[in-house]
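# Reading the structure
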Amino acid sequence: MSELHSHTHSHSDAHKSQDTVKQMIEIMSQSGWRITEQRRELAEIFAKTEGYLSPKDVYDHMSRAYPSVSFDTVYRNLRLLSEMGALEQFYFMDGGLKFRVSCLSHHHHHLICINCEKTLTFEYCPMEQSIDLPGSFKIMNHRFEVYGVCEACQQESGT
């Protein structure tokens, strides 16, 4: 087993991080991607990040290891990974588009704090109610995000 690089993470964090890398690489492979060092690095960046990363954040990380990488390439890869289901994308009012690793273990939705970007998952799914859709629209997938202010941020601002 390879030596752990970070001393700040517990063993289970490092294990979870490796699982995330494996999960992302598996999705890339299933989608017909060749697993290059750069793509492995991309998976590592997300595995080590708890929250969201903007395309610029990812580009900044990538360009340290690969100075010749272009922002366009990074952005295109993020969009493709999102389409494959390896990453989830969220749109923040102030921060624009951001990505994070998809949680594939079960179906859930997100409450997102617009102040600190903390995300809480919740199991309730409004799509399980009967909804009256126009035409004979067939739903293939859906996401439900609720933006607001988390309890900690409310206490800080006294609202």
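Further up the page is the structure itself.
Below is a short write-up of the structure. From a predicted model like this one, the values you see are computed outputs, not experimental measurements.

### Remarks on helix 3 (residues 55-65)
Among the residues of helix 3, those classed as buried are Pro55, Val58 and Met62. Here the buried residues of helix 3 occupy an arc of 65° about the axis, which is enough to place them on one side. Tucked inside the fold, the buried residues of helix 3 contact helix 2 (37-47), helix 4 (71-84) and strand 2 (96-101).

### Points about the nonpolar core
Note on soluble globular proteins: their nonpolar side chains tend to be buried together. Among the nonpolar cores identified, the biggest contains 24 residues, and Met24, Phe46, Val58, Met62, Leu78, Leu81 and Leu87 are the most heavily contacted of them. Of all elements in the fold, only helix 1 (11-30), helix 2, helix 3, helix 4 and strand 2 reach the threshold of two or more residues within this core. Filtering out sequence-adjacent residues up to four positions away, leucine 81 remains in contact with Met24, Met28, Trp33, Leu42, Ala86 and Leu87.

### Re the sheet that holds strand 4 (residues 119-122)
An order of 4-3-5 is seen for the 3 strands of this open sheet, with the pairing classed as mixed. The sheet terminates laterally at strand 4 and strand 5 (145-148), the two strands that pair on one side only. Across this sheet, the average inter-strand angle for adjacent strands is 20°, counted without regard to direction. Where strand 3 (residues 109-113) and strand 5 come together, 4 bridges link them in parallel fashion. Following the sheet pairing, histidine 110 is matched in strand 5 by glutamate 145.

Calculation notes
- For every chain, the first residue of its written sequence is number 1, and the numbers climb from 1 along that sequence.
- Residues qualify for local features only when their pLDDT is at least 70, as the model is predicted, and side-chain atom pairs are given and counted only at 80 or more; totals for whole chains, interfaces and linings, by contrast, use all residues.
- Only heavy atoms go into the side-chain values, all of them from the structure, while hydrogens and water stay out.
- The rule is simple: take the accessible area with a 1.4 Å probe, protein chains only, and divide by the maximum for that residue type; under 20% is buried, over 50% is exposed, in between is partly exposed.
- Comment: elements are numbered from the N terminus, with helices defined as DSSP H or I runs of at least four residues and strands as E runs of at least two.
- It is the directions from the helix axis to the C-beta atoms whose arc is reported.
- Should any heavy atoms of two residues lie within 4.5 Å, those residues are considered in contact.
- Throughout this description, the term nonpolar core refers to a set of buried Ala, Val, Leu, Ile, Met, Phe, Trp, Tyr and Cys residues connected via side-chain atoms within 4.5 Å.
- Being paired, for any two strands, means DSSP has found at least two bridges between them.
- All axes here are fitted lines through C-alpha atoms, helices being fitted over the stretch that makes contact, and every angle between N-to-C directions spans 0 to 180 degrees.

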